[in-house]
Amino acid sequence: MPGPEVLLYGLPLAFLAGFIDAVAGGGGTITLPTLFFMGLSPAQVVATNKLMAIFGSASATVQYWRKGHVSLKLIVRLVPLALIGSALGAYLVKFVNPDAFRTLIGVVILGVGALVLVNKNFGLEDRYPGLTARTLALTLPGAFIIGIYDGFLGPGTGTFLMFMFALAGFNLVGASGNARTINFATNLGAFIFFLIGGKMVFWIGLPMGVANALGATLGARMAMLRGSAFVKWIYGGIVLVVAARLFLAG
């Protein structure tokens, strides 16, 4: 078990992860390797990361919610499907090796990032039409499928959620706010599961969770202050990082 000195680098990295995650998702690409480097076992890494993620996703959700960048009427319809999908994805891991899909998902996520960046106007204007048939036809199955992916493999979940919400008509600030809210719900479900498992390292997860929340607060405020153009380029960078992680893990 590592000593308290690991927090000297763990806390600033958790803050950075919270900032990035609140803007464009992908904070786990920082926190998971950090926890591994601290000397935790794989089970402890996954469980402790969920403890941290609860702080960051809750903080970001509150910031976006307060400024009106979360569509409650849509979110309450999507959260149950995302939770069910996540549970199903975790169950499927027992039967299918997720490593076989890492390269494919890496290619898909690069394609998503290219679509966002090449289309100059994509996600820059808010064109969300409300709870139309098209909106529900896109987001209901989308939340379920992304939920399955989150439980099955995980990296890039927030990136895919943002893309889905942008396709539904939200600008990228609104897409980020709604994606963080879905992430908070799925993180909460996973947190309860891992809490029962007893693998969380609280003396690491709690202080790093606070640092993650502070970073998320700053990130969400920066995204809302700088607007969708700022989020778009951060999003593009996160796409590259997540894709690299998927390819290298494969």
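Cut-offs and rules
Residues numbered from 1 in each chain as written. Predicted model: local features only at pLDDT ≥ 70, side-chain atom pairs only at ≥ 80, totals over all residues. Heavy atoms only, no water. UniProt positions renumbered as here; feature names shortened; annotations may be inferred. Helix = DSSP H or I, 4+ residues; strand = E, 2+ residues; numbered from the N terminus. Expected span 1.5 Å × (residues − 1). Buried < 20%, exposed > 50% of the residue type's maximum accessible area, 1.4 Å probe, protein only. Arc of directions from axis to C-beta. Contact = heavy atoms within 4.5 Å. 1 Å grid on protein atoms, 1.4 Å probe; cavity = no way out; pocket = protein on both sides within 12 Å on 5 of 7 lines; lining within 4 Å. Points joined across faces, edges and corners; volume = space filled by probe spheres on them. Nonpolar A, V, L, I, M, F, W, Y, C, P; charged D, E, K, R; others polar. Salt bridge = Lys/Arg side-chain N within 4 Å of Asp/Glu carboxyl O. Lys, Arg positive; Asp, Glu negative; His and termini not counted. Core = buried A, V, L, I, M, F, W, Y, C linked by side-chain atoms within 4.5 Å. Axes fitted to C-alpha atoms, helices over the stretch in contact; angles between N-to-C directions. Parallel < 35°, antiparallel > 145°, perpendicular 65-115°, else oblique. Left-handed = near helix turned anticlockwise from the far one by under 90°.

### Side note on the UniProt feature "transmembrane region" (unreviewed entry) in the chain
On the UniProt side, "transmembrane region" (unreviewed entry) is annotated at positions that read residues 74–94, 100–119, 131–152, 158–176, 188–210 and 230–248 here. Taken end to end, residues 74–94 comprises 90% helix and 0% strand; its first and last C-alpha atoms sit 32 Å apart. The span residues 230–248 is 100% helical and 0% strand by assignment, and the distance between its end C-alpha atoms comes to 28 Å.

### Focus on helix α5 (residues 102–118)
Over its 17 residues, α5 extends 24 Å from the first C-alpha to the last, a length consistent with the 24 Å expected when each residue adds 1.5 Å. All buried positions along α5 are accounted for by Arg 102, Ile 105, Gly 106, Ile 109, Val 112, Gly 113 and Val 116. Along the axis of α5, the buried positions cluster into a sector of 125 degrees, meaning they face one direction only. Set apart from the buried face of α5 by more than 90 degrees, the exposed residues are Leu 104, Leu 115 and Val 118. Of the surrounding elements, those touching the buried residues of α5 are α6 (133–152), α7 (157–167), α8 (172–197) and α10 (228–249).

### Some words on the layout of surface pockets
Estimates place the volume of the largest pocket at around 1300 Å³. Considering the residues around the largest pocket, the lining is formed by 46 residues, among which Val 46, Lys 50, Asp 150, Leu 153 and Gly 154 are closest to the centre. At the level of elements, α1 (7–24), α2 (28–37), α3 (42–66), α4 (72–92), α6, α7 and α8 are the ones that each hand at least two residues to the lining of the largest pocket. Of the residues forming the lining of the largest pocket, the biggest block, eight residues, is contributed by α3. Looking at the second largest pocket, its volume works out to about 190 Å³. Forming the walls of the second largest pocket are Ile 105, Val 108, Gly 142, Ile 145, Ile 146, Tyr 149, Phe 160, Phe 163, Met 164 and Leu 167. Mapped onto the lining of the second largest pocket, the elements with two or more residues apiece are α5, α6 and α7. Partitioned by chemical class, the residues of the lining of the second largest pocket number nine nonpolar, one polar and no charged.

### Overview of the pattern of salt bridges
Overall, the coordinates contain one salt bridge when judged by the stated rule. Residue Glu 125 pairs with Arg 127 through a salt bridge whose shortest N-O separation is 3.0 Å. Accessibility expressed as a relative area gives 46% for Glu 125, which makes it partly exposed.

### Some points on the side chain of Lys 232
Among the structural elements, Lys 232 can be located in helix α10. Buried within the structure, Lys 232 lacks any salt-bridge partner; Glu 125 is the closest side chain of opposite charge, at an N-O distance of 10 Å. Residues contacting Lys 232, with those up to four places away along its chain left out, are Val 116, Leu 117, Asn 119, Lys 120, Asn 121, Phe 122, Leu 124 and Leu 172.

### Description of the nonpolar core
Met 162, Phe 165, Ile 182, Val 231 and Tyr 235 are the most contacted members of the largest nonpolar core, which totals 51 residues. At eight residues, α10 tops the list of elements feeding residues into this core. In terms of nonpolar packing, the next biggest core, distinct from the first, is built from 13 residues, Leu 7, Leu 32, Met 38 and Leu 40 among them.

### Re empty space enclosed by the protein
A probe matching the size of a water molecule, rolled over the atoms, marks out where space remains unfilled. Per the stated rule, a full pass over the model turns up one cavity of 30 Å³ or more. For the largest cavity, the calculated volume is near 40 Å³. Along the walls of the largest cavity sit Ala 82, Ala 143, Ile 146, Gly 147, Asp 150, Thr 157, Leu 161, Ile 182 and Thr 186, which together make up its complete lining. Breaking the lining of the largest cavity down by element, the ones donating at least two residues are α6, α7 and α8. Broken down by element, the lining of the largest cavity gets its largest block of residues, four residues, from α6. Residues that form the lining of the largest cavity fall into these classes: five nonpolar, three polar and one charged.

### Details of the packing of α4 against α8
Packing of α4 against α8 brings their axes to within 9 Å, and their N-to-C directions diverge by 45 degrees. Comparing their axes, α8 and α4 come out oblique. Our pair here, α4 against α8, has a crossing hand that is right-handed. Counting all contacts with α4, which are made through Ile 75, Leu 78, Val 79, Ala 82 and Leu 83, the residues of α8 involved are Asn 178, Thr 181, Ile 182, Ala 185 and Thr 186. For the contact of α4 with α8, a count of residues per class yields seven nonpolar, three polar and no charged.

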